[in-house]
Amino acid sequence: MRHSCFTVSGKPFFSLGGQVHNSSSYPIGGIGEGKAGEDAERSFQSVRAIGGNTIAAPVCWDAFEPEEGVYNTGYVHAIIDAIRSHGLHGILLWFGTWKNGQMEYTPAWVKKDRERFPRVLCKDGTETTVLSPHSRNNLEKDAQAFCELMKIVKEYDEKRETIIAVQVENEPGIFAATRRDFSAQGTAAFSQEVPEDIRQLAQSEDAGAIHESWLKNGGAGRGSWKEMFGSFGAELCTAWAIASYIDEIAARGKAVRDIFMYTNVWMDRNSMHGWNLAGLEYPCGGAVSKCLPLWQCVCGHLDALCPDIYEMNPDTVRRAYDIYDGKEKGWPLYVPESGLTSVNATCMFDAVGGHKAVGYHVFGIESCLDENGELKASAIPIMHSFAMLQAASELLYDSRVLQTAVFCQSLGQDSQYLEIAGRRCRVSFAGVGTDYAGWVPLDYHHNRDLEGLSRLPVSLTEETARGMLFCVSENEFYLVGHKVRLFFTGAEPEDGSIPVNWLNGQHLAHNMEFLCLEEGHFEDGCFVVDRVRSGDEARHGIWAQYDCGVVHFVLNGNKKIYD
């Protein structure tokens, strides 16, 4: 079956987490002596420090099947046990045929036997360090090992549900000096007629670059990859071979244990940077933006195709969300790898609030701690965002929510205007605004946060304001945010007048009448009040910092307090 989100006990589970460094699963799985135990503990300490509820750890083929047909079940048991003992959920990353467009984690017995397990060849006959996706033998051995892994997940964890998902391969593709396999098998595949489903796909405008390439090369009804797609044909042929390979592995694995499965993507930077050349700048054949429709056509047994996002340009990050959000076609957005940056800390609110992302993870989680085990300053914005999203996680799947508004501050931006539930709202990112007079508190818990709160960020390395507002009725709202302050008015008068209380920011704020204004958290779907606000803490706008939990408020809609 296809899964639309992660689940635990049959209910949606919003996954916030950290992916460990590539080789961290060896010590987590009990492989290694000396400082291996310290390394394993640091991985979990890091996830806790960042505020995650999930850890993503590789299962490396070389550690799992060190000898052909001999499986190290204790290695996988140890990983699952470690995740359980730290009170987290886990995602297992299968490092099999591919890891970052290479074959680094294949067992030595695979690497040494080039005849049984052929490599991708360059045009001059040079062997690459990539297994050929056209080899049935390569696929069979990977699939056998993957099914053994899924047997363990089923037998050891199906009832406990520690593991919520499995990643099938890692950033697959050919990262070498070629865009296709020039072996006899690869050349035969390149020369064959394009499969019927891909020919049909090419005729759809929704296929993007695939459709454009097909038109550019004459719009033939059939033909080889080169005949139908010209120079793009080699990359599409490789993508078709790899996608078919991975989908079969996923299908066989799901037959053993039906769980959320996905493949991640070393992106082509949305086809907008550099030379935009496969093999040179990204692994050829992966589910990059221009090949994504082909992967979605082929991979019916995967639940998501997921971008690994490390961009520092907010517009580029948001464009990636747009590309990989395919929920209307059954492809939910999940970001399995991302950077420990302020840009990422802010943009993830667009992913979650605007695109209904089912989870968000940062990579290299151990790097968020310094040598003393303290959270680095550079990782604090991510921790802030995780705290807010964790607090709001039950609202993400709450059927009462009528509308969700996302606000993310850009460099130099002092406020954002939005309309919600028939009201006008100004989200201030710089305190109360320059037209506001007098003393303006948050509360005594946040005196430490007042310094610099009104200064506008001028660098992408600085933390910016962000948050989400959930409307559950005409007058009732829930808010999570950091460095934000909200002001509401009623609808704009139709007679051209400006209500007198709007003319002075302080009067406008004082006249936002609340039936309740409180901070709290959710327990089993119910809101629990932690603090009640009134007086000084309530008369200068509805403010939120990351550690306020969820701010719940009900505006008085029974009288014309806004005009």
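As a reminder, the structure under discussion sits directly above these lines.
A short tour of the structure in this document, coming up. (Residues numbered from 1 in each chain as written. Predicted model: local features only at pLDDT ≥ 70, side-chain atom pairs only at ≥ 80, totals over all residues. Heavy atoms only, no water.)

Regarding the sheet that holds strand β11 (residues 334–335)
Neighbouring strands of a sheet are bound in pairs by backbone hydrogen bonds; such pairs are parallel or else antiparallel. Strand order in the open sheet made by the nine strands is β11-β13-β3-β4-β5-β8-β9-β10-β12, with parallel pairing throughout. Only two strands of the sheet have a single partner each, and these edge strands are β11 and β12 (337–338). The strands touched by helix α6 (residues 136–157) are β4 (54–60), β5 (89–99), β8 (163–170) and β9 (260–266); relative to β5, the strand with the most contacts, the crossing angle is about 170°. Running over the sheet, helix α11 (residues 233–256) touches β5, β8 and β9 and is turned about 150° from β8. (Pairing = 2+ DSSP bridges. Helix = DSSP H or I, 4+ residues; strand = E, 2+ residues; numbered from the N terminus. Contact = heavy atoms within 4.5 Å. Axes fitted to C-alpha atoms, helices over the stretch in contact; angles between N-to-C directions.)

Regarding the packing of helix α4 (residues 73–85) against α6
Helix packing for two helices is described by the angle between their axes and how far apart those axes are. Where α4 contacts α6, the axes come no closer than 10 Å and their chain directions differ by 45°. Taken together, the axis directions place α4 and α6 in an arrangement best described as oblique. Regarding α4 and α6, the two cross each other, and that crossing is right-handed. Mapping the contact onto sequence places T73, V76, H77, I80, D81 and R84 in α4 and L149, I152, Y156 and D157 in α6. Residue composition of the contact of α4 with α6, by class: five nonpolar, two polar and three charged. (Parallel < 35°, antiparallel > 145°, perpendicular 65-115°, else oblique. Left-handed = near helix turned anticlockwise from the far one by under 90°. Nonpolar A, V, L, I, M, F, W, Y, C, P; charged D, E, K, R; others polar.)

Considerations on a nonpolar patch on the surface
A cluster of nonpolar residues, W275, L277 and L280, forms a patch on the protein surface that exposes about 380 Å² of accessible area. Among the secondary structure elements, L277 is positioned in the loop between β9 and α12 (292–298). (Patch = residues over 30% accessible without salt bridge, like charges linked within 9 Å, V, L, I, M, F, W, Y side chains within 5 Å. Areas by Shrake-Rupley, 256 points an atom, 1.4 Å probe, with all protein chains shown as cover. Salt bridge = Lys/Arg side-chain N within 4 Å of Asp/Glu carboxyl O.)

Considerations on a negative patch on the surface
A contiguous patch of negative charge, built from E394, E523, D524 and D530, is present on the exposed surface. Following the sequence through the fold, D524 ends up in the loop between β20 (514–523) and β21 (526–532). For D524, a relative accessible area of 79% puts it in the exposed group. (Lys, Arg positive; Asp, Glu negative; His and termini not counted. Charge placed at Lys NZ, Arg CZ, Asp CG, Glu CD. Buried < 20%, exposed > 50% of the residue type's maximum accessible area, 1.4 Å probe, protein only.)

A short note on the pairing of strand β23 (residues 550–555)
Burial of β23 is extensive: six of the six residues sit out of reach of the surface. The side-chain alternation of β23 yields two buried faces, one formed by V550, H552 and V554 and the other by V551, F553 and L555. Looking at chain direction, strand β18 (residues 476–482) and β23 are connected through four bridges and run antiparallel. Following the sheet pairing, L479 is matched in β23 by V551. When β20 meets β23, the two strands line up antiparallel, connected through six bridges. Among the inter-strand pairings, E518 is bridged to a residue of β23, identified as H552.

Don't take any of this as a statement about function, it's just geometry.
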